Amino acid sequence: MPHQYTSATAPGALPLLGHVPAFVRRPYEFVAGLPAHGDLVRLRLGPMDAYVACHPDLVRRMLTEDRTYDKGGLVVDKAREVFGDGLATCPAAAHRRQRRMVQPAFHRDRLPGYAAMMADEIVDVTAPWRDGEVVDVPAAMYRLTTAVTARCLFAAHERAGSLPVHRAMDVVTHGVARRIMMPLPGADRIPTPGNRRYHRARADLAEITRRLVADYRAAGTDHRDLLSMLLAARDEDGSGLTDEEIHDQVITFLLAGMETTAATLSWAWTLLAAHPAVRERLHAELDTVLDGRPARHEDLPALPLTARVVNETLRLYPVSWLLSRVVTGDGTELGGHHVPAGATVLFSPYLLHRRADLFPRPDRFDPDRWLDTARPTLGTYAPFGAGARRCIGDAFGTTEAVLAIATIAARWTLTPTPGRPVRPMRSAAMRPRPFTATLTRRR
Ligand code: HEM
């Protein structure tokens, strides 16, 4: 008997607003509770219906049929306003060409080069840390991923001190996260100080990118960075990316890569602090392999527990926790249920990762669950999505996270300031609310 997938409307819809208040009040709990109502759950969001694929088979289908379930819908439409037509937000029709052109920049052979730059930046950013100092952890991790991303994109630019780039990147990424959650269309054009700062920063970043592209093109040198790779990209017909396309890709890498990795690192520190037994084992691994020195690409195979800590952090706190697609064709059915053309279909790595039937005792931080799990099937563990639109920076981001945790934990213990447990912001990106920690030098 083929599996019968159930479908229902989520309970508790209010007149006119539908499920919006329940979602806005407690987004994570609301979404994680949906599988109790069906495999495909319909939400009423004001005048609109949206569907949430709760069963891994249905998630797998929507992610592998990327022309039927195209990039679009609630979350992506907002993101497109700022990402432009870069790789993460372009429609399927433009995606194959873009992905083909951009893929070489993330080829496995390139990783050791990026990892060397990452290692330098991790050392530079943490060099001023002092024993007993109290740091704002998410801000510190954000500085770290900003430095890494700026360096790997524009290696020919200055080292970590390239402040104008950093400042513009910072304003732009924060402005974008706010915008994705902004309910009113056109609200971003009201000339508030925040909006003006954001538009200025975007213009600065565009100008910096334009200048760098021109410099790189004029010099014709391969700096072994992402920008050099984008400039060298050629399609089968020999055509390259236009300056406009390169600009959109640069913005996309900044937006898709910095916040995600920074938030993952911040969550990892909270989890390690709350699980001293795991932290001790991590320290033992690092002491054996690194003996206090910074981690390098060659060390990665010898750091399996560090890698499992990253996997498990991404399971509990998948930063891109709610993603959307738009149904392109009439007569589309998902799990035997009709979904109309133009409808938003959502999937949530967070929901999947917290399903007890997929991950026993799902709320428990247990890096060792990855010891005996055969590779999880597509559609169950999805912090990087899946299918044609899977994250192109998955290995880049994971390498960065493992190197940062290894290098920092080899030398420092981070003890969060006692108080309320760290909770996620209500945001399109599942990042922690600001919290501080005391640094203790280990060696
Ligand atoms: C821990 C870090 C990261 C996480 C959790 C993450 C997560 C994701 C997810 C879930 C998607 C799929 C979105 C969807 O299906 O709608 C995605 C796509 C993407 N990510 Fe990442 N990402 C991370 C790091 C990075 C980095 C470091 C970069 C680049 C430097 C990057 C660039 C991209 C791009 C360009 C896409 C679009 C791919 C496509 O549509 O072909 N990401 N990411």
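Residues numbered from 1 in each chain as written. Predicted model: local features only at pLDDT ≥ 70, side-chain atom pairs only at ≥ 80, totals over all residues. Heavy atoms only, no water.

**What to know about the overall build of the protein**
Broken down by element type, the protein carries 16 helices and eleven strands. Relative to a compact globule of 443 residues, whose C-alpha radius of gyration would be 22 Å, the protein shows 22 Å and is just as compact. Reported as C-alpha extents along the three principal axes, the dimensions of the protein are approximately 55 × 55 × 45 Å. Out of the 443 residues in the protein, the part that is buried amounts to 53%. At a minimum sequence separation of 6, the contacts of the protein that also span at least 24 residues come to 73%. Carbon and sulfur atoms form 56% of the exposed surface of the protein, whose accessible area is close to 19,600 Å². Charge centroids of the protein, computed over 57 positive and 49 negative side chains, lie 4 Å from each other. (Helix = DSSP H or I, 4+ residues; strand = E, 2+ residues; numbered from the N terminus. Rg over C-alpha atoms; globule rule 2.2 N^0.38 Å. Buried < 20%, exposed > 50% of the residue type's maximum accessible area, 1.4 Å probe, protein only. Contact = heavy atoms within 4.5 Å. Areas by Shrake-Rupley, 256 points an atom, 1.4 Å probe, with all protein chains shown as cover. Lys, Arg positive; Asp, Glu negative; His and termini not counted. Charge placed at Lys NZ, Arg CZ, Asp CG, Glu CD.)

**Side note on the sheet that holds strand β10 (residues 412-416)**
As summarised here, the arrangement of the three strands in space is β5-β11-β10, forming an open sheet in which the pairing is antiparallel. Looking at the sheet topology across the chains shown, the edges are occupied by β5 (134-136) and β10. Put simply, the sheet's adjacent strands are angled 40° from each other on average, direction ignored. As paired elements, β10 and strand β11 (residues 436-441) share five bridges and run antiparallel to each other. By the bridge assignment, threonine 413 is partnered in β11 with threonine 440. (Pairing = 2+ DSSP bridges. Axes fitted to C-alpha atoms, helices over the stretch in contact; angles between N-to-C directions.)

**Thoughts on the state of the cysteines**
Simply put, the disulfide is a covalent bond whose two ends are the sulfur atoms of two cysteines. Taken as a whole and judged by the stated rule, the model has zero disulfides. Free of any disulfide, cysteine 152 has its nearest cysteine sulfur in cysteine 391, 14 Å distant. The buried category is assigned to cysteine 152, whose relative accessible area is 0%. Given the relative accessible area of 29%, cysteine 391 is considered partly exposed. (Disulfide = S-S within 2.5 Å.)

**Considerations on the side chain of aspartate 39**
Mapped onto the elements, aspartate 39 comes out in the loop between α2 (27-32) and β2 (40-45). Only 2.9 Å separates the side chain of aspartate 39 from the backbone nitrogen of threonine 6, close enough to count as a polar contact. (Polar contact = N/O pair within 3.5 Å; in protein donor to acceptor, adjacent residues only side chain to side chain.)

**Side note on the nonpolar core**
Ranked by internal contacts, the top residues of the largest apolar core, which has 126 residues, are Leu34, Leu43, Tyr114, Met141, Leu226, Leu227 and Trp269. When residues of this core are assigned to their parent elements, the largest contribution, 14 residues, is made by helix α11 (residues 243-274). With residues up to four places along the chain from it excluded, the contact list for tyrosine 114 reads Ala105, Cys152, Arg224, Asp225, Leu226, Met229 and Phe396. (Core = buried A, V, L, I, M, F, W, Y, C linked by side-chain atoms within 4.5 Å.)

**Structural notes on the site of the ligand**
Looking at the ligand, there are 27 residues lining it, with His95, Arg99, Arg325, Arg389 and Cys391 nearest. Between leucine 87 and the ligand, the recorded distance is 3.2 Å, taken from a backbone N or O atom to an oxygen atom. Residue arginine 99 places a side-chain N or O atom 2.7 Å away from an oxygen atom belonging to the ligand. Elements supplying a minimum of two residues to the shell around the ligand: α5 (92-102), α11 and β6 (323-327). Per-element accounting of the shell around the ligand gives the leading share, six residues, to α11. Its residues assigned to classes, the shell around the ligand shows 13 nonpolar, nine polar and five charged. (Near = heavy atom within 4 Å. Nonpolar A, V, L, I, M, F, W, Y, C, P; charged D, E, K, R; others polar.)

**With respect to the pattern of salt bridges**
One pass over the structure, following the stated rule, counts 29 salt bridges. The salt bridge partner of aspartate 368 is arginine 281, with a shortest N-O separation of 3.0 Å. Here arginine 281 lies in helix α12 (residues 276-289) and aspartate 368 lies in the loop between α14 (349-353) and α15 (369-372), a separation of 87 residues in the sequence. What you see here is one network of salt bridges that share partners, running through Arg97, Arg100, Asp235, Glu236 and Glu245. (Salt bridge = Lys/Arg side-chain N within 4 Å of Asp/Glu carboxyl O.)

**Here's the deal with the coordination of the iron atom of the ligand**
Protein coordination of the iron atom of the ligand is limited to a single donor, Cys391 (SG), which sits 2.3 Å from the metal. Its place among the elements puts cysteine 391 in the loop between α15 and α16 (394-411). (Donors = N, O, S within 2.8 Å, 3.2 Å for Na, K, Ca; no water.)

**A look at the packing of α12 against helix α13 (residues 304-316)**
Orientation of α12 relative to α13, taken along the N-to-C sense of each, is 140°, at an axis distance of 8 Å. One way to sum up the angle between α12 and α13 is to call them oblique. Contacts between α12 and α13 involve Val278, Arg281, Leu282, Glu285 and Leu286 from the first element and Pro304, Leu305, Thr306, Arg308 and Val309 from the second. A per-class count over the contact of α12 with α13 returns six nonpolar, one polar and three charged. (Parallel < 35°, antiparallel > 145°, perpendicular 65-115°, else oblique.)

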